[in-house]
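Now for the letters of each chain:
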Amino acid sequence: MICSLLLLLLQGLVTTKDLSPGQNCKGADFKEAAHSLAKCHQDVPVLEFPKSSVGLKRRNFVTHPIFFPENDRGPFPRKMTVQIKSLIAKEAPVWYSITGEGADQPPKGLFTVDKNSGWLYVSMPLDREKKDKYELQAHAVAQDGNVKEQPVDIVINVIDQNDNRPIFTQDPFRGSVAEASNIGFEIMTVTATDADDPSTDNADVRYTILSQIPAQPNPNMFSINPVSGAILVGAEGLDREKYPEYTLEIQAADMRGNGYAVKGNAVITITDSNDNAPQFEKTSYNVSVPENKVGAVVVKLPVTDEDEPQSSAWAAKFRIVGGNSGGLFNVSTGLKKQEGIITTVKPLDFERNSKYTLLVIVENEIQFAKLLPTSTATVTVNVIDVNEAPVFDPEKKTISIPEDQKVGNEITVYTASDPDTAKSQKVKQRSC
């Protein structure tokens, strides 16, 4: 087997790249190959018909496979390093013939045999990608017709050459990744096919990233597994708000990355994560509201958020976290999801408390993707004093008097007070 490969090397039918690791000869130059060939010249494939045994019928003999490279340049017909021999040729002239695919079956005439010498020939270049193996039968018959050999099976394997480039299965590839994804997160996988022999380096494809657009904030935001083609997050700093999309120029090369190469593209869309906290447009408010009103709008607190508009990472929600003892106030989110509205839920009493200081915090409808500082606003609510009517104490009073009282006699004293203690006002009596 080694000698046949050496002979192919000397004839220029294969190169050292076409040999598998187990077939590489020690000594790279052809002088050493020729020396080795001289030592084992007797091993050049000669297909002999098996001897017959007395009383036994001849049996078919299956030979070892024969190897011949694809894309041979000729001239044609090209003599192959295989010769068929019959022992009866020592006693009488013999005619040789072959049958099977590539001989008398399609593709007819691809292989021929010298009917006198038994040397095999190929008439045109072979293409492993179209057909990688041919199965023939060799025949020998004495020219006088008295002796006929049993057929010998011949298997011709076509040796692969690196004559096909890798081809990407699509271009561009498209994928997406959340901006808060960790380093090493797998985004997608790019694939390329190669029509060469998958058991050789000729179809062993490796993948690389050639360039990244944009190159910010790091030119190596992504990495690729050279064997599987999986594209991964390679660095921190993905930011949809600044760089919503990346285009990677990728390469697939056979011979483990050292052979034929093809270029393609992978487009990666950066999807939103809740990595931006909403921010109050103002951090302090000073407002006034009349006392005694329930449902009165105290103040509206607009916010901004850099996340994807109309998403849950953008929609705001509000909480009063300080100054609302007694539950006098409520905060709700406006219809546009970017405004907090504080209202009164109980009547305010200027005489009890003329000022409230509320601390309000804003968050999103969903949790932050990472730890973020929250925005707060301070709202100072000044209660406006309203002129309230005097109040009788008690509001309703029942009295009893004896009959026959004289006109003008005092029956009882019924007093009223003014709740507006901060104002200097007199209560006047008037009968109805």
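What counts, and at which threshold
Residues numbered from 1 in each chain as written. Predicted model: local features only at pLDDT ≥ 70, side-chain atom pairs only at ≥ 80, totals over all residues. Heavy atoms only, no water. Helix = DSSP H or I, 4+ residues; strand = E, 2+ residues; numbered from the N terminus. Buried < 20%, exposed > 50% of the residue type's maximum accessible area, 1.4 Å probe, protein only. Lys, Arg positive; Asp, Glu negative; His and termini not counted. Salt bridge = Lys/Arg side-chain N within 4 Å of Asp/Glu carboxyl O. Polar contact = N/O pair within 3.5 Å; in protein donor to acceptor, adjacent residues only side chain to side chain. Contact = heavy atoms within 4.5 Å. Core = buried A, V, L, I, M, F, W, Y, C linked by side-chain atoms within 4.5 Å. Pairing = 2+ DSSP bridges. Axes fitted to C-alpha atoms, helices over the stretch in contact; angles between N-to-C directions.

Asker: Run through the side chain of Asp-275, naming residues and quoting values.
Answerer: As for its placement among the helices and strands, Asp-275 is situated in the loop between β18 (261-271) and β19 (279-280). No salt bridge is formed by the buried Asp-275; the nearest opposite charge belongs to Lys-370, separated by 5.1 Å. Polar side-chain contacts of Asp-275 include one of 2.9 Å to the side chain of Asn-276. If we skip the residues at most four places from it in the chain, Asp-275 touches Glu-179, Glu-241, Asp-307, Lys-370 and Leu-372.

Asker: Describe in detail the nonpolar core, supporting the description with residues and values.
Answerer: By size, the foremost hydrophobic cluster in this structure holds 25 residues, and its most contacted members are Ile-98 and Phe-111. For this core, the element with the highest residue contribution is strand β8 (residues 133-142), accounting for five residues. Not counting chain neighbours up to four residues away, the residues in contact with Ile-98 comprise Ile-84, Ala-103, Phe-111, Thr-112, Val-113, Leu-120, Leu-136, Gln-137, Ala-138 and His-139. With 24 residues, the next largest nonpolar core counts Phe-318, Val-331, Leu-348 and Val-379 among its residues.

Asker: Give a description of the sheet that holds strand β12 (residues 186-189) that names residues and reports values.
Answerer: Where strands meet in a sheet, backbone hydrogen bonds hold them as pairs that are either parallel or antiparallel. Reading across from one edge, β12-β16-β15 is the order of the three strands in this open sheet, with antiparallel pairing throughout. Single-partner strands in this sheet number two, and they are β12 and β15 (222-224). For this sheet, the mean inter-axis angle between neighbouring strands, taken without regard to orientation, is 25°. As paired elements, β15 and strand β16 (residues 230-233) share three bridges and run antiparallel to each other. When the sheet's bridge partners are listed, Ser-223 is paired in β16 with Leu-232.

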